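Summary of structural features
Okay, here's what each chain looks like letter by letter:
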Amino acid sequence: VGGEPPSLSLMGRLFGVPLLIVGIMVGGALLVMLAFGDIAGGGRRSVDSLLRTLESSGGEKVAGALFPGDRELWQDARELAMRLADQKEKLSPEELDQVVSRLSGLVAREPQDSRRLSEMGRQRLHFFMNALSHAGSSRAVEPLLARLSDPSAETRREALIALGRMHEVPEVQASLSRITPALEDSDSVVRTVACWLMSLLARPTDEAVIAKLAQAAVAEDREVRWNA
């Protein structure tokens, strides 16, 4: 305003949320990589084989320890997300449809209140959601939208990030009215991420979104105000 150069604090807020989003996306994968090591050698496994491992285990941490089978699950969950994100990983429409169906089943089989899961269980669910979003399929949208009503703020946040990754999918754009209520979420981080997502989905003619952003712009939380 008035031609003044932006201050360092202003620039920090400008880039803070994108960095938060990127950090959440990358941090989980790095954490697993550092904690459990890279995927052991022995040849490239098929997507079907990775999915079968995920479907066969709960992946919970017991008494602070991970059993060998749990370690395999985390490695396979990470590899599947990376393989789906890699444009070199070419799947036929039939194969992709099967992947989406099975990942959707994994997301749906977890409690609708993911607070009932252990911290490890929620991380597993978030890995499934992450992999599902990388599939880029219209059929992946509904299972992610359903998680916007999860009582866990962490899971709601992950659902918004996953939908943001898929913002060019028409079914996500058509679901704006179901995503907009996140601007009034009880959790300030969820509201902040929702503001970021609106920048990808909403149009200048979306009066309902603009009205909610105007309300968020006078919120107590500084990051919510700034991003609104």
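Residues numbered from 1 in each chain as written. Predicted model: local features only at pLDDT ≥ 70, side-chain atom pairs only at ≥ 80, totals over all residues. Heavy atoms only, no water.

Judged by nonpolar contacts, the single largest core of 51 residues is most densely connected at L80, L103, L160, L163, V172 and I179. With eight residues, helix α10 (residues 188-201) is the single largest residue contributor to this core. If near-sequence neighbours (up to four positions away) are discounted, I179 is found in contact with L145, L148, L160, L163, V172, L197, M198 and L201. (Core = buried A, V, L, I, M, F, W, Y, C linked by side-chain atoms within 4.5 Å. Buried < 20%, exposed > 50% of the residue type's maximum accessible area, 1.4 Å probe, protein only. Helix = DSSP H or I, 4+ residues; strand = E, 2+ residues; numbered from the N terminus. Contact = heavy atoms within 4.5 Å.)

Let us look at the packing of helix α2 (residues 47-56) against helix α4 (residues 93-109). With their axes 11 Å apart at the nearest point, α2 and α4 run at an angle of 15° to one another. In this view, α2 runs roughly parallel relative to α4, as classed from their interaxial angle. Seen from above, α2 lies across α4 with left-handed handedness. Each of V47, D48, L51, R52, L54 and E55 in α2 lies in contact with α4, whose residues at this interface are V99, R102, L103, L106 and R109. For the contact of α2 with α4, the residue count by class is six nonpolar, no polar and five charged. (Axes fitted to C-alpha atoms, helices over the stretch in contact; angles between N-to-C directions. Parallel < 35°, antiparallel > 145°, perpendicular 65-115°, else oblique. Left-handed = near helix turned anticlockwise from the far one by under 90°. Nonpolar A, V, L, I, M, F, W, Y, C, P; charged D, E, K, R; others polar.)

Another aspect to go through is the pattern of salt bridges. All chains considered together, the criterion is met by 16 salt bridges. Residue D113 pairs with R115 through a salt bridge whose shortest N-O separation is 2.9 Å. Take R115: its relative accessible area is 53%, and that puts it in the exposed class. Several salt bridges converge on common partners, so that one network encompasses D48, R52, E55 and R102. (Salt bridge = Lys/Arg side-chain N within 4 Å of Asp/Glu carboxyl O.)

For the rest of this paragraph, the subject is the environment of A146. Structurally, the position occupied by A146 is in helix α6 (residues 141-146). Sequence separation between A146 and A108 is 38 residues, and the spatial gap between their C-alpha atoms is 8.9 Å.

Looking now at α4. Look at α4: 24 Å from first C-alpha to last across 17 residues, which is about the 24 Å you get at 1.5 Å a residue. Within α4, burial applies to V99, V100, R102, L103, S104, L106 and V107. (Expected span 1.5 Å × (residues − 1).)

Low pLDDT means the predicted atomic positions in that stretch should not be read closely. Per-residue pLDDT for the protein chain has a mean of 80; in total, 73% of the residues score no lower than 70. Between the elements of the protein chain, mean pLDDT differs from a low of 54, seen in helix α1 (residues 8-36), to a high of 97, seen in helix α7 (residues 153-165). The model gives residues 61-68 a pLDDT under 50, and that stretch makes seven contacts with residues more than four places away or in other chains. (pLDDT = per-residue confidence, 0-100.)

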